[in-house]
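One letter stands for each residue in the lines below.
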Amino acid sequence: MTTQQVAARLLISQPKISLMENGRRLIKPRDVRDLCGLYGVRDQRLVDDLMRLARESGRQGWWNAYGDIPYGAYIGLEAAAATIRSYEPLVIPGLLQTPAYARAVIAGTIPHATAAQAATRLQVRLRRQDRLAAAGNPLRLWVVLDESALWRVVGSREVMCEQWEHLTRISDSQPHVTVQVLPHEVGAHPGVSGQFSLLEFADTTDGGVVYLERFTSDLYLEKRSDVRLYSDMYAHLQAQALSPDRTRQFITEGIKADTGAECRSPTRPARR
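Residues numbered from 1 in each chain as written. Predicted model: local features only at pLDDT ≥ 70, side-chain atom pairs only at ≥ 80, totals over all residues. Heavy atoms only, no water.

Draft legend 1. Looking closely at the side chain of Thr 168. The topology assignment puts Thr 168 in helix H9 (residues 157–173). Excluding residues within four positions of it along the chain, Thr 168 makes contact with Arg 248, Ile 251 and Thr 252. (Helix = DSSP H or I, 4+ residues; strand = E, 2+ residues; numbered from the N terminus. Contact = heavy atoms within 4.5 Å.)

Next up, the structure:
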């Protein structure tokens, strides 16, 4: 059976089947049970053993300790990725957010969340950033950030000052983190349709994954033609964006000066 046939029979998406087959998505005991039924597995002991393995595998990821995280599948991919190239048009990406900025983003984008749910999301988001400091094998992160994300005041002016300084500091001190700003003057560009991320893995035989974040249902694209298309789009964005050095200058001088905000840096005196 093809993955499309399996997905149609089980009423789930074809990418989910592909992600499970490639070990990139947590497989639940229920998924094992349904697949065994569809594939005609009659040995109940075998089914029970496979379901047990599924339960045990679900406990391996650190994020599972936080309960049912809506984007747990993506965190699993992120944890396994060697390189992530991300385009963000509206907000600073989660891997580069300060605690105050992340708290304000969660409060603003998920207004129905309880205090406990918001606290859990914040803890998970900050825990994800450990990949950037992993000894010997840090995540290679490349971010193209639309200028709009810098202008949008999230939380307060003070929160934004801290966030701007964090961006310049981490991109300057961490050679595996690259940040480029795409200025408004570029005009129309390949990223106008929205956010996307390209995840690549250490196994060169394993194709990459395109991640499209949506409010209710995220999308994962694995077809080589799709991955190639988004890779080409990202290359255009990189070429049109400011260089990493010019980006740091743009943030420290242009944004702070134009907003009139006072931001105190550990290495520079306060400037208006």
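Draft legend 2. Inspection of the nonpolar core at higher detail. Ranked by internal contacts, the top residues of the largest apolar core, which has 36 residues, are Ile 92, Leu 96, Leu 132, Leu 150, Leu 199 and Tyr 220. Considering each element in turn, this core owes the most residues, 6 residues, to H9. With near-sequence residues (within four places) excluded, Leu 199 lies in contact with Tyr 74, Leu 77, Glu 78, Ala 81, Thr 83, Ile 84, Gly 208, Val 209 and Tyr 211. Counting residues in each nonpolar core, the second largest holds 13 residues, with Val 144, Leu 212, Tyr 230 and Tyr 234 among its members. (Core = buried A, V, L, I, M, F, W, Y, C linked by side-chain atoms within 4.5 Å. Buried < 20%, exposed > 50% of the residue type's maximum accessible area, 1.4 Å probe, protein only.)

Draft legend 3. Layout of the sheet that holds strand E1 (residues 81–88). Strand order in the open sheet formed by 6 strands is E3-E2-E1-E4-E5-E6, with mixed pairing between adjacent strands. Edge positions in the sheet fall to strand E3 (177–182) and strand E6 (219–221), since each of these pairs with one other strand and no more. Neighbour-to-neighbour, the strand axes of the sheet open up by a mean angle of 15 degrees, direction not taken into account. Pairing analysis gives 6 bridges linking strand E2 (residues 140–146) to E3, with the strands arranged parallel. Residue pairing in the sheet places Leu 141 in a bridge with Val 177 of E3. The strands touched by helix H10 (residues 224–240) are E1, E2, E3, strand E4 (196–201), strand E5 (209–212) and E6; relative to E4, the strand with the most contacts, the crossing angle is about 115 degrees. (Pairing = 2+ DSSP bridges. Axes fitted to C-alpha atoms, helices over the stretch in contact; angles between N-to-C directions.)

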